[in-house]
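Residues per chain, in single letters:
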Amino acid sequence: MGPFLETLLGGLMTGMLYSLVALGFVLIFKASGVFNFAQGAMVLFAALAMARFSEWLPKWFGFESAILANVLAFVVAGVIMFMVAWLVERLVLRHLVNQEGATLLMATLGIAYFLDGVGQTLFGSDIYKIDVGMPKDPLIAFEGVFQGGILVSKEDVIAAAISGALVLALTMFFQKTSTGRALRAVADDHQAAQSIGIPLNRIWVVVWCVAGVVALVAGMIWGSKLGVQFSLSTVALRALPVVILGGLTSVPGAIIGGLIIGVGEKLSEVFLGPFVGGGIEIWFAYVLALLFLLVRPQGLFGEKIIDRV
């Protein structure tokens with residue numbers, strides 16, 4: 001029972017991190033009705049900004065506090081992501097209001113390549129680190145219940161808690177604020193939302209800003225775990241099955257989908273891997289997503305895309 005619970009907890013914590021990246025996809029899709037191919041690039045760009053500014057700021061201003069450096073770097077990176085959101089709306093989305101979904105899709109693809117190139121130009125292409133003080137050593141829990149206890153990563157626990165708090169905040173934002181309700185109205189019908197006075201351009205700036213903050217938090221956590229390198233943008237690929245499973249239009253779906261895939265990956269790798277030679281964790285999520293596309297393409301909690309047209 002102990003190994004099972006240990007694997008289950010590890011899967012739940014990994015799933016929360018997947019959910020955090022998937023939220024960026026959901027937020028943009030809810031506001032514009034298009035899949036945002038730039039989300040992975042946003043995660044990388046935000047992580048690079050925080051990593052480099054946490055290194056540069058102490059040198060520029062002559063202080064040694066790592067906490068202060070990380071806080072200031074987070075703020076600066078957040079401001080940069082807000083500027084990116086404003087520029088995306090001003091230079092790209094403003095000119096594509098009420099265009100076909102394929103046009104918006106290609107626009108996000110162009111934004112992704114642009115952010116990758118600018119990120120490398122501004123911040124460099126080496127491997128950088130983000131050290132926010134999360135403990136790396138494991139924790140042994142429930143020693144009195146299970147023989148040998150359950151090995152839990154403190155870093156994963158903290159990362160999952162941060163992800164959960166952000167997810168809860170975003171859920172409340174969508175449900176309880178006037179801006180969140182406006183976002184949902186825009187998601188249902190762009191033209192109808194405009195007809196009742198909802199400014200589409202301002203809404204797109206807001207949602208890209210929120211997606212930028214989500215990308216920054218995700219980049220900070222994944223950068224702390226894996227280091228900040230250009231392969232970090234592929235983390236978004238791990239979130240694709242999450243949004244397919246949970247539904248592109250559902251914030252709760254991103255959460256549930258992430259948890260299901262995180263747990264499924266870990267359990268299948270540990271308990272089925274030895275019988276099939278291992279490697280299940282690499283393809284499990286994509287096979288599960290493919291099955292859902294065949295059976296329920298809108299996901300567990302999403303709505304049929306045809307109903308949105």
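The preceding data block contains the structure.
What you are looking at is a predicted structure, and each value in this text was computed from that prediction instead of being measured. (Residues numbered from 1 in each chain as written. Predicted model: local features only at pLDDT ≥ 70, side-chain atom pairs only at ≥ 80, totals over all residues. Heavy atoms only, no water.)

Engineer: Break down the overall build of the protein chain for me, citing the residues and quoting the values.
Structural biologist: Counting secondary structure elements, the protein chain contains 11 helices and 2 strands. When the helices and strands of the protein chain are listed from N to C terminus, the series reads α-α-α-α-β-β-α-α-α-α-α-α-α. Projected onto the principal axes, the alpha-carbon positions of the protein chain cover approximately 65 × 60 × 35 Å. When each of the 309 residues of the protein chain is scored for burial, the buried share is 50%. Within the protein chain, residue pairs in contact and separated by at least 24 positions form 74% of the contacts whose partners lie at least 6 positions apart. If you sum the accessible surface of the protein chain, you get close to 14,600 Å²; carbon and sulfur atoms cover 68% of it. One finds the centroid of the 18 positive side-chain charges in the protein chain at a distance of 8 Å from the centroid of its 19 negative side-chain charges. (Helix = DSSP H or I, 4+ residues; strand = E, 2+ residues; numbered from the N terminus. Buried < 20%, exposed > 50% of the residue type's maximum accessible area, 1.4 Å probe, protein only. Contact = heavy atoms within 4.5 Å. Areas by Shrake-Rupley, 256 points an atom, 1.4 Å probe, with all protein chains shown as cover. Lys, Arg positive; Asp, Glu negative; His and termini not counted. Charge placed at Lys NZ, Arg CZ, Asp CG, Glu CD.)

Engineer: Give me the lowdown on the packing of helix 10 (residues 251–276) against helix 11 (residues 280–295), citing residues and values where you can.
Structural biologist: Orientation of helix 10 relative to helix 11, taken along the N-to-C sense of each, is 130 degrees, at an axis distance of 8 Å. With respect to helix 11, the element helix 10 is oriented oblique. The hand of the helix 10/helix 11 crossing is right-handed. Between helix 10 and helix 11, the contacting residues are Ile-260, Ile-261, Gly-264, Glu-265, Lys-266, Ser-268, Glu-269, Leu-272, Gly-273 and Val-276 on the first element and Ile-280, Glu-281, Phe-284, Ala-285 and Leu-288 on the second. By residue class, the composition of the contact of helix 10 with helix 11 is 8 nonpolar, 3 polar and 4 charged. (Axes fitted to C-alpha atoms, helices over the stretch in contact; angles between N-to-C directions. Parallel < 35°, antiparallel > 145°, perpendicular 65-115°, else oblique. Left-handed = near helix turned anticlockwise from the far one by under 90°. Nonpolar A, V, L, I, M, F, W, Y, C, P; charged D, E, K, R; others polar.)

Engineer: Before we move on, could you go through helix 8 (residues 200–226) and cite the residues and values that matter?
Structural biologist: Its 27 residues give helix 8 an end-to-end C-alpha distance of 37 Å, which sits within 8% of 39 Å, the value for a rise of 1.5 Å per residue. One or two positions beyond helix 8, positive phi appears at Gly-227, with a value near 85 degrees. (Expected span 1.5 Å × (residues − 1).)

Engineer: Describe the side chain of Ser-163, listing the residues and the values that go with them.
Structural biologist: Within the element layout of this structure, Ser-163 appears in helix 5 (residues 154–176). When its relative accessible area of 0% is taken as the criterion, Ser-163 is described as buried.

Engineer: So what's going on with the environment of Ile-158? Residues and values would help.
Structural biologist: Examined against the element boundaries, Ile-158 turns out to sit in helix 5. On the basis of relative accessibility, which here comes to 32%, the residue Ile-158 falls in the partly exposed class. Expressed as a C-alpha distance, the spacing of Ile-158 and Trp-204, which sit 46 residues apart in the sequence, is 31 Å. Beyond its immediate stretch of four places on either side in the chain, Ile-158 contacts Met-134 and Pro-135.

Engineer: If you had to explain a nonpolar patch on the surface to someone new, which residues and values would you point to?
Structural biologist: Residues Ile-282, Trp-283, Val-287, Leu-290, Leu-291, Leu-293, Leu-294 and Val-295 make up a contiguous nonpolar surface patch of about 840 Å² in total accessible area. Take Trp-283: it is sitting in helix 11. Note on Trp-283: relative accessible area 43%, which makes it partly exposed. (Patch = residues over 30% accessible without salt bridge, like charges linked within 9 Å, V, L, I, M, F, W, Y side chains within 5 Å. Salt bridge = Lys/Arg side-chain N within 4 Å of Asp/Glu carboxyl O.)

Engineer: How would you sum up the pairing of strand 2 (residues 150–153)? Please name residues and give values.
Structural biologist: Here strand 2 shows a buried face lined by Ile-150 and Val-152 and an unburied face lined by Leu-151 and Ser-153. For strand 1 (residues 138–141) and strand 2, the ladder comprises 4 bridges, and the chain directions are antiparallel. What sits directly across from Pro-138, in strand 2, is Ser-153. (Pairing = 2+ DSSP bridges.)

Engineer: Which residues make up the pattern of salt bridges, and what values do they have?
Structural biologist: Scanning the model with the defined rule gives 4 salt bridges in all. Put simply, Glu-55 and Lys-59 hold a salt bridge, and the shortest N to O gap is 3.7 Å. With Glu-55 and Lys-59 both in helix 2 (residues 39–61) and 4 residues apart, the pair spans about one turn of that helix. When its relative accessible area of 32% is taken as the criterion, Glu-55 is described as partly exposed. Classification of Lys-59 as exposed rests on a relative accessible area of 61%. Glu-281 is paired through a salt bridge with Lys-266; the nearest N and O atoms lie 3.0 Å apart. One end of the pair, Glu-281, is in helix 11; the other, Lys-266, is in helix 10, with 15 residues separating them in the sequence. Take Glu-281: its relative accessible area is 24%, and that puts it in the partly exposed class. Given a relative accessible area of 24%, Lys-266 falls into the partly exposed group. Salt bridges sharing partners connect three or more residues here, namely Arg-52, Glu-55 and Lys-59.

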